[in-house]
Amino acid sequence: MSDEQLAAEFAEHRAVLVGAAYRVVGSMVDAEDVVQETWLRWAAADRSEVQDVRAYLIRITSRLALNRLRQQKSRREQYVGPWLPEPIAATPSGDDPAAVAELADSVSMAMLVVLETLTPLERAAFVLREVFDLSFSEIGDALGRSEAAVRQLAHRAREHVHARQPRQRVDKARHSEVTHQFLAAAWSGDLDQVVSLLAPEVVLVSDGGGKRKAALRPLEGADKVARWLVGLFQKEVPEGRFDIRMAEVNGEPAFIAYDGDVVDSVAFLELAPGDAISKIYVVRNPDKLLAIPPKQALPE
């Protein structure tokens, strides 16, 4: 096989490989590095031993992503404040609405946060089984575990995820409406209006990585969260400097704050039954905002 054919065959599966790596490591930078290493392995592989190219490449990518996730542990221990996955402004494509919704769920910020609570092996097993539908035998080969062990890993991970993921799918139009109401209230400094939009047990997690203002631990309770948010908007968002746009990020509605042409932060709202805001995730670490499009690429 020529180098051109080899590269073309790899390119055909590259988006899937990046998606698999991203779901395991939670970082697009790390995912891209993993896929580049996968390419080097693929270029040196004995093609006569490859029966299913897609499954073969996903197995290599997952194995490398698992190693990268383990390496991240020491970095996480030194991280300033809460760690949130890196947001990506990529939306699933396709003509089947159900398939698009399912794929979006697998990269939503809420789902990625839940995946962070799994062990590395559980996370990899869950992604390979639930998202990419690999057999237990294939997953075992990728993770270096027996088929029986992989079944247990996948079962534990599935139960853990299902117990913690949102109970209902919120209509995107309603989600966007609540987000706009929330932004207007926070921007105006109307503390009572912000509180009225929050569930009493709301939790806010902000990730500044020690480089931008963020809470050093999760905030809980409507009053505490509202005061922190209003304070942030009043102190960090001077009138006329910041521009906030709504966009699809990680397959769900989010708002992006731009300081001039620079991305300052991305925020996600999770709604509880009754449309009260139950979770807020704010990513402000500039190292994690590299995959967000420039302001010029978004509608006014």
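Placed above this text is the structure.
Residues numbered from 1 in each chain as written. Predicted model: local features only at pLDDT ≥ 70, side-chain atom pairs only at ≥ 80, totals over all residues. Heavy atoms only, no water.

Undergrad: Please clarify how the side chain of D30 should be interpreted in this entry.
TA: You can see D30 is positioned in helix α2 (residues 28–43). The class for D30 is buried, based on a relative accessible area of 7%. Every residue in contact with D30, bar those within four places of it in the chain, is listed here: V25, R68, Q72 and R75. (Helix = DSSP H or I, 4+ residues; strand = E, 2+ residues; numbered from the N terminus. Buried < 20%, exposed > 50% of the residue type's maximum accessible area, 1.4 Å probe, protein only. Contact = heavy atoms within 4.5 Å.)

Undergrad: What am I meant to see in the packing of aromatic side chains here?
TA: Remark: the centre distance and the inter-plane angle together describe each pair of aromatic rings, the angle taken between the planes. For the structure on display, the rule yields four aromatic pairs. Both rings, one in F10 and one in W39, keep their centres 5.3 Å apart while their planes meet at 65°; by these two values the pair is edge-to-face. With F10 in helix α1 (residues 3–25) and W39 in helix α2, this residue pair connects regions lying 29 residues apart in the sequence. When its relative accessible area of 6% is taken as the criterion, F10 is described as buried. Summarising the aromatic geometry, the rings of W42 and Y56 are spaced 5.9 Å apart at their centres and angled 55° between planes, so their arrangement reads as tilted. Pair noted here: W42 is in helix α2 and Y56 is in helix α3 (residues 53–77), with a separation of 14 residues, a long-range link. Assessed through its relative accessible area of 0%, W42 is described here as buried. (Phe/Tyr/Trp six-rings, centres within 6.5 Å; stacked < 30°, edge-to-face > 60°.)

Undergrad: Teacher, can you tell me more about the nonpolar core here?
TA: Across soluble globular proteins, you tend to see nonpolar side chains buried next to one another. Counting residues in hydrophobic clusters, the biggest one holds 47 residues, and the most contacted among them are Y22, W42, L115, F126, I139, L143 and V161. Among the elements of the structure, α1, α2, α3, α5 (109–115), α6 (120–131), α7 (136–143) and α8 (147–164) are those that each provide at least two residues to this core. Among the elements that make up this core, the one with the highest residue count is α1 (nine residues). Excluding anything up to four places from it in sequence, L115 contacts R23, R123, F126, V127 and V161. The next biggest cluster of nonpolar side chains, apart from the first, holds 27 residues, and it includes A185, A186, L204 and A222. (Core = buried A, V, L, I, M, F, W, Y, C linked by side-chain atoms within 4.5 Å.)

Undergrad: So what exactly am I meant to see when it comes to the environment of L183 here?
TA: Inspection of the secondary structure assignment puts L183 in helix α9 (residues 172–188). Judged by relative accessible area, L183 falls into the buried class, the value being 11%. Sequence spacing of L183 and F233 is 50 residues, and the spatial spacing of their C-alpha atoms is 9.6 Å. Look past the residues within four positions of L183 in its chain and what remains in contact with it is F233, I244, M246 and F255.

Undergrad: Quick question: what am I supposed to make of unusual backbone geometry here?
TA: Negative phi is the rule for most residues except glycine; trans is the rule for most peptide bonds. The backbone phi angle of D133 is positive, close to 55°, even though this residue is not glycine. With respect to the secondary-structure elements, D133 resides in the loop between α6 and α7. Positive phi outside glycine occurs at D275, with the angle close to 70°. Along the chain, D275 falls in the loop between β5 (262–271) and β6 (277–283). Overall, D275 belongs to the partly exposed group, its relative accessible area being 22%.

Undergrad: Is there a simple way to think about the side chain of E252 in this case?
TA: Checked against the element boundaries, E252 lands in strand β4 (residues 252–259). The buried category is assigned to E252, whose relative accessible area is 14%. With near-sequence residues (within four places) excluded, E252 lies in contact with S108, M109, A110, A247 and F268.

Undergrad: Looking at this structure, I do not really get α2. What am I missing?
TA: Given 3.6 residues to a turn, an α-helix orients residues that are three or four positions apart in the same direction. When the terminal C-alpha atoms of α2 are compared, their 22 Å separation across 16 residues agrees well with the 22 Å that a helix rising 1.5 Å per residue should span. Structurally, the start of α2 carries an N-cap: the backbone nitrogen of V29 is 3.4 Å from a side-chain oxygen of S27. (Expected span 1.5 Å × (residues − 1). Polar contact = N/O pair within 3.5 Å; in protein donor to acceptor, adjacent residues only side chain to side chain.)

Undergrad: Just checking my understanding: could you explain the pattern of salt bridges for this structure?
TA: Any two side chains of opposite charge can pair if their charged atoms end up close together. Evaluated as defined, the whole model comprises 20 salt bridges. One salt bridge connects R14 with E32, and the closest N-O pair in it is separated by 2.5 Å. Taken as a pair, R14 in helix α1 and E32 in helix α2 lie far apart in primary sequence, 18 residues in all. With a relative accessible area of 33%, R14 lands in the partly exposed category. You can call E32 partly exposed: its relative accessible area is 30%. Its salt-bridge partner being R59, residue D141 comes within 3.1 Å of it at the nearest N-O pair. Highlighted residues: D141 in helix α7 and R59 in helix α3, separated in sequence by 82 residues. Relative accessible area serves as the criterion here: at 15%, R59 is assigned to the buried category. Bridged by salt links that share partners, the residues D30, D33 and R68 form one connected network. (Salt bridge = Lys/Arg side-chain N within 4 Å of Asp/Glu carboxyl O.)

Undergrad: Hey, could you run me through the pairing of β6 in this one?
TA: Within a regular strand, the side chains alternate between the two sheet faces. Summarising burial for β6: six of the seven residues are buried, a large majority. Pairing of β5 with β6, which is carried by six bridges, proceeds in the antiparallel orientation. Residue pairing for β6: V266 is matched across the bridge by V283. Taken together, β5 and the strand that follows it, β6, pair antiparallel across an intervening segment of five residues, in which G274 is found at a positive phi of about 90°. (Pairing = 2+ DSSP bridges.)

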